[in-house]
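Listed below, chain by chain, are the residues.
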Amino acid sequence: MKEIYRKAMEIWEVPEAFYEAALPMYREYEAALAVSFGRDPIPGREICRLLEEWGNADAECLLFESYQRNVLEKCEGGCSGEMCYRMTDFYSRYPYFAQYEPEAYAEFSQETVDSLNEWDLKVYMDRTAQAALAIAAGKDVPMHQTQYLTLQESFDMMDTLGEALIILPCNCKAMGRCTEKPVNVCINKLEKGPNTPYDRKLGTILTLEETKKLIRRINKKGLMQSGENNVLCNCDGVYCYPTKMARILGTRLHYPTSHYETLWDENLCVRCGKCTKICNFEAFYKDQAGKVKFDPEKCWGCTICSANCPKGAISLKKRVTEPGSNLTENR
Ligand code: SF4
Ligand code: SF4
Ligand code: SF4
């Protein structure tokens, strides 16, 4: 590895074990910028001047690509009012690579992907586990993906977010190279400021009605709606980081918070097995004789089975217990 990359990797805070893996995520001029400026703000004009000096014809285009790929982020207010950029760290860059450069990411060995994700989950937990535990204990802490929503609650939330929304590839599923479930499912309020996907020309814009159709479609495919703070997540049970963390912390039902108890009426059930396919946690399952069964101890209260039971045999009952009063062990 060239020395310039080695120095840049330190600035990007790439763990040494991932220096080789990180190479395809960065370009040589980005390494040169990192070595020249570290993580300090750099005026956009200065970046373009240097890129031209280093023999790059379309400096503005390269600057935008580095910004779009989240190697650089915009920082406002510095450098006498002009637009400045600064290097992001590897923890910020890696999901963008997985989300938006899937062909290059597909070249990685499974072993590399597994160790990257093991490291990434650890950093994620170092930063968020305390907040997750506080939410599980009933405290009001702002965080991503903290409560499950019914379909209707998801639609109601969409109604508050405007007439158009921006849909992004889910970073948990992209990093896990998920192929079993839809990946373009992260639904965000359409915001246009610096460092937003819109400003980086990423994602797909859908109307409110198109977004609701998308939610209905992916709910049928077994993705669980959860959300607040202008983001509706559509999560699975394997790749989703909050779910992985909740498993480790043992916070099932409390983080992500479930507001509904699942009730199964065996008399209405026609044993079609749809719920056994849709549930991410095998709470509905088939026993050895092929008979449909329900184990409430495995249920996370996500509500998608009730939305998809063709006979109305699964209903929801609002929970009365406060979060945190009965933390479950689910390790
Ligand atoms: S929390 Fe859910 S929707 Fe959001 S990025 Fe992770 S799996 Fe995707
Ligand atoms: S989806 Fe409904 S009817 Fe079908 S097996 Fe499950 S509970 Fe029974
Ligand atoms: S059984 Fe529980 S975890 Fe499974 S789909 Fe239904 S509500 Fe979700």
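The model shown is predicted, which means the values in this text are computed figures rather than measured ones.

What surrounds ligand 2 is a group of 13 residues, the closest being C269, C272, G273, C275 and C309. When its residues are assigned to classes, the shell around ligand 2 shows 10 nonpolar, one polar and two charged.

This part is about unusual backbone geometry. Put simply, Y255 and P256 share a cis peptide bond, and its omega is -5 degrees. Topologically, P256 is positioned in the loop between α12 (241-249) and β9 (260-264). Positive phi outside glycine occurs at R177, with the angle close to 55 degrees. Here R177 shows up in the loop between α10 (171-175) and β5 (186-189). The residue K201 is not glycine, and still its phi comes out positive at about 55 degrees. Among the structural elements, K201 can be located in the loop between β5 and β6 (204-207).

Here we come to the domain arrangement of the protein chain. If you check the domain split of the protein chain, you get domain 1 (3-108), domain 2 (112-249) and domain 3 (260-318). Placing the centre of domain 1 and that of domain 2 at their C-alpha centroids yields a distance of 26 Å. For the interface between domain 1 and domain 2, the tally reads one salt bridge. Note that D199 is salt-bridged to K74, the shortest N-O span being 2.9 Å. Counting every contact that joins domain 1 to domain 2 gives 16 residue pairs in polar contact (both at pLDDT 80 or more). Those elements that provide at least two residues to the side of domain 1 that touches domain 2 are α5 (59-68), β2 (72-75), α6 (90-100) and α7 (102-106). Per element, the largest residue contribution to the side of domain 1 that touches domain 2 is eight residues, and it comes from α6. Here the residues of the side of domain 1 that touches domain 2 are counted per class, giving 17 nonpolar, three polar and four charged.

Conventions and cut-offs
Residues numbered from 1 in each chain as written. Chains lettered and ligands numbered in written order. Predicted model: local features only at pLDDT ≥ 70, side-chain atom pairs only at ≥ 80, totals over all residues. Heavy atoms only, no water. Near = heavy atom within 4 Å. Nonpolar A, V, L, I, M, F, W, Y, C, P; charged D, E, K, R; others polar. Helix = DSSP H or I, 4+ residues; strand = E, 2+ residues; numbered from the N terminus. Domains from an automatic or database assignment. Salt bridge = Lys/Arg side-chain N within 4 Å of Asp/Glu carboxyl O. Polar contact = N/O pair within 3.5 Å; in protein donor to acceptor, adjacent residues only side chain to side chain.

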